[in-house]
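# Results of the structural survey
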Amino acid sequence: MSNAQPTDPKELVVALDGPSSSGKSTVGAEAARRLGYRFCDTGLLYRAVAWLALERGVSPDDTAHLVPLAAEVALVADARGRLSHVSVAGRDVTTEVRAAAVDRAVSDYARVAELRAAMVTRQRTLAADGGIIMAGRDIGTVILPDADVKIYLNASAEERARRRAAERQATDEIEAGRILEDLRRRDAIDSSRETAPLRTAADAAVIDTDGCTFEETVAAVLAAIAAGATVGR
Ligand code: DC
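So, here is what we can say about the structure in this document.

What counts, and at which threshold
- Residues numbered from 1 in each chain as written.
- Predicted model: local features only at pLDDT ≥ 70, side-chain atom pairs only at ≥ 80, totals over all residues.
- Heavy atoms only, no water.
- Helix = DSSP H or I, 4+ residues; strand = E, 2+ residues; numbered from the N terminus.
- Rg over C-alpha atoms; globule rule 2.2 N^0.38 Å.
- Buried < 20%, exposed > 50% of the residue type's maximum accessible area, 1.4 Å probe, protein only.
- Contact = heavy atoms within 4.5 Å.
- Expected span 1.5 Å × (residues − 1).
- Polar contact = N/O pair within 3.5 Å; in protein donor to acceptor, adjacent residues only side chain to side chain.
- Near = heavy atom within 4 Å.
- Areas by Shrake-Rupley, 256 points an atom, 1.4 Å probe, with all protein chains shown as cover.
- Nonpolar A, V, L, I, M, F, W, Y, C, P; charged D, E, K, R; others polar.
- Pairing = 2+ DSSP bridges.
- Axes fitted to C-alpha atoms, helices over the stretch in contact; angles between N-to-C directions.

## A short note on the overall build of the chain
Each helix and strand in the chain was counted, giving nine helices and eight strands. Compactness check: the chain gives a C-alpha radius of gyration of 17 Å against a globular reference of 17 Å for 233 residues, within 12% of the reference. Counting across all 233 residues of the chain, residues that qualify as buried make up 50%. Residue pairs in contact within the chain that sit at least 24 positions apart in sequence constitute 76% of those at least 6 positions apart.

Following this line, the structure appears as structure tokens:
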């Protein structure tokens, strides 16, 4: 935790990490809304680069062509200041980057050290003014190691796969099985990569959401932020 003494809780910087489909985006956005914070989903940056790379036929090991793609991708704020949209050359591609093809490929792009390096300053700049919940994999460990509050949102692979299947309205067992398999594969890549692997920061509050409703999870995140705000003072 940082030694900063925020005078207003709105100044807090909150790092929210966790594996795929742990609810970071939906829970983080709702917690931010209730606090009047900005919300930033950094996964969108990696997804947009992966989408663009797939469009242009750039493979993860072609770093010379891959890294410049990062400059073409921008997070877009909505009227409430939530950075929950992503654009490429002014075109909103938020829906496209959530496609199954991007789901399958994104971890292979996100593991590239040079690409990650190109994203660091951008993410830190977004958080510089505080009053933000920033969601990702390495926010508390690498991007914002001095965040006022660090939260790690966890859930079993089975529970996360169930949520993803419901989101996708996937009802048949083969599709559900494929979702679970994809999720485990992405977990393995995200956790074992050399640069900024998915890890629980030593000073993070871990929230296990198996069996929790959305509302309960939002409440747990808000409680962790309130506790962190008290510690920071
Ligand atoms: O959170 P998500 O599923 O939208 O993330 C998409 C991919 O991007 C996932 O493979 C992990 C990666 N990612 C990352 O490596 N670091 C981040 N800060 C955010 C996402």
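## A closer look at unusual backbone geometry
Backbone geometry follows two general trends: most residues other than glycine have a negative phi, and most peptide bonds adopt the trans configuration. For Ser 21, which is not a glycine, the phi torsion comes out positive at approximately 60°. Mapped onto the elements, Ser 21 comes out in the loop between β1 (13-17) and α1 (24-35). A relative accessible area of 15% means that Ser 21 is categorised as buried. A positive phi angle, near 45°, is found at Ala 196, a position not held by glycine.

## Description of helix α8 (residues 173-192)
End to end, α8 covers 28 Å across 20 residues, agreeing with the expected 28 Å (1.5 Å per residue, within 8%). Burial in α8 covers these residues: Ile 179, Leu 180, Leu 183, Arg 186, Asp 187, Ile 189 and Asp 190. Where α8 begins, the side chain of Asp 172 points an oxygen toward the backbone nitrogen of Ile 174, at a separation of 3.3 Å.

## Let's talk about the site of the ligand
Around the ligand lies a shell of 16 residues, among which Arg 47, Ser 107, Arg 116, Arg 186 and Arg 193 are the nearest. Between Ser 107 and the ligand, the recorded distance is 2.8 Å, taken from a side-chain N or O atom to an oxygen atom. The side chain of Asp 190 places a nitrogen or oxygen atom 3.2 Å from an oxygen atom of the ligand. Here the ligand, which alone exposes 450 Å², has 97% of that area covered by the protein. Elements represented by at least two residues in the shell around the ligand include exactly α2 (43-56), α4 (100-110) and α8. Considered class by class, the residues forming the shell around the ligand number four nonpolar, four polar and eight charged.

## Quick notes on the sheet that holds strand β2 (residues 38-41)
What the five strands build is an open sheet, ordered β2-β6-β1-β7-β8; its pairing is parallel. The strands lining the two open edges of the sheet, one partner per strand, are β2 and β8 (205-208). For this sheet, the mean angle separating the axes of adjacent strands, direction not counted, is 20°. Bridge count between β2 and strand β6 (residues 132-136): four bridges; the pairing is parallel. Each bridged residue has a counterpart across the sheet, and for Phe 39 the counterpart in β6 is Ile 133. Sheet strands touched by helix α5 (residues 113-127): β1, β2 and β6. Its angle to β6, the strand with the most contacts, is close to 155°.

## A closer look at the side chain of Thr 94
When you line up the elements, Thr 94 lands in the loop between β5 (91-92) and α4. In this structure Thr 94 comes out as buried when scored by relative accessible area, which is 11%. Separated by 3.1 Å, the side chain of Thr 94 and the backbone nitrogen of Val 86 make a polar contact. A polar atom in the side chain of Thr 94 sits 2.5 Å from the side chain of Asp 92. If sequence neighbours within four positions are ignored, Thr 94 has contacts with Leu 44, Ser 84, His 85 and Val 86.

## What to know about the sheet that holds β5
Strands sit in the order β3-β4-β5 across an open sheet of three strands; the sheet is antiparallel. The open sheet has two edge strands with one neighbour each: β3 (73-76) and β5. Across two bridges, strand β4 (residues 85-88) lies against β5 in antiparallel orientation. By the bridge assignment, Ser 87 is partnered in β5 with Asp 92. Contacting β3, β4 and β5, α2 runs over the sheet at an angle of about 140° to β3.

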